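# Analysis of the macromolecular model
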Amino acid sequence: QVQLVESGGGSVQAGGSLRLSCAASGPFSSYTMGWFRQAPGKEREFVAAIRLSGSTYYADSVKGRFTISRDNAKNTVYLQMNSLNPEDTAVYYCAAKVGYSSVYSYNYNYWGQGTQVTVSS
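The notes below deal with the structure included here. Throughout, a residue's number is its position along its own chain's written sequence, starting from 1. Note on the predicted model: pLDDT of at least 70 is required for a residue's local features to be given, and 80 or more for side-chain atom pairs to be given and counted; whole-chain, interface and lining totals, by contrast, use all residues. The basis for every side-chain value is the complete set of heavy atoms in the structure, and neither hydrogens nor water enter the calculation.

### Describing the overall build of the protein chain
Threshold: Each helix is a run of DSSP H or I of at least 4 residues and each strand a run of E of at least 2, with the numbering of both proceeding from the N terminus. By the convention used here, residues are in contact when the closest approach between their heavy atoms is within 4.5 Å. None of His or the chain ends enter the tally, which takes Lys and Arg as positive and Asp and Glu as negative. Charge positions are represented by NZ for Lys, CZ for Arg, CG for Asp and CD for Glu.
Within the protein chain, the regular secondary structure consists of zero helices and 11 strands. N-terminal to C-terminal, the α/β element order of the protein chain is β-β-β-β-β-β-β-β-β-β-β. Dimensions of the protein chain, computed from the C-alpha atoms along their principal axes, are close to 40 × 25 × 25 Å. Look at the contacts in the protein chain between residues 6 or more apart in sequence, and 59% of them connect residues 24 or more apart. Each charge class in the protein chain can be summarised by its mean position, and for the 10 positive and 7 negative side chains these summaries are 7 Å apart.

Set out below in structure tokens:
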């Protein structure tokens, strides 16, 4: 089992950047790690994922702007978010699963509590 704690959220103006971190306890290196987000009144959506091998996957809406990375020595996964726009405003969640990457939240076994990202125009 793994516990996940996100940090790094906050408020930023459009065009700005934020870096989210997700610290994990437990067998971190065994898991594919993902980031999801949920805006008010909307369903949770896939943002990015990274496998143990380092292979990465992105939602089309963030491709070229967001970068997911992981540091297995620090049990931490990051989401670097650049060129933020108001549509990126959401609660961002870190998640973990065994095996292949997935864009479906129901495939992830473990979740953090979320961190709020607010982008103003």
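### Things to note about the environment of Arg-65
Spelled out, the test is: Working definition: with a 1.4 Å probe on protein chains only, accessible area under 20% of the residue-type maximum means buried, over 50% means exposed, and in between means partly exposed. For this analysis, a polar contact is any N or O atom pair within 3.5 Å, provided that within protein one partner can donate a hydrogen and the other can accept it, and provided that sequence-adjacent residues contribute only side-chain to side-chain pairs.
For Arg-65, the position within the fold is in the loop between strand E6 (56-58) and strand E7 (66-71). Taking the relative accessible area as the measure of exposure, Arg-65 reaches 15% and is therefore buried. Along the backbone, Arg-65 and Ser-83 are 18 residues apart, and their C-alpha atoms lie at a distance of 6.1 Å. Residues in contact with Arg-65, not counting those within four places in the same chain, are Gln-80, Met-81, Asn-82, Ser-83, Leu-84, Asn-85 and Asp-88. In this structure the side chain of Arg-65 is engaged in a polar contact, spanning 2.8 Å, whose partner is the side chain of Asp-88.

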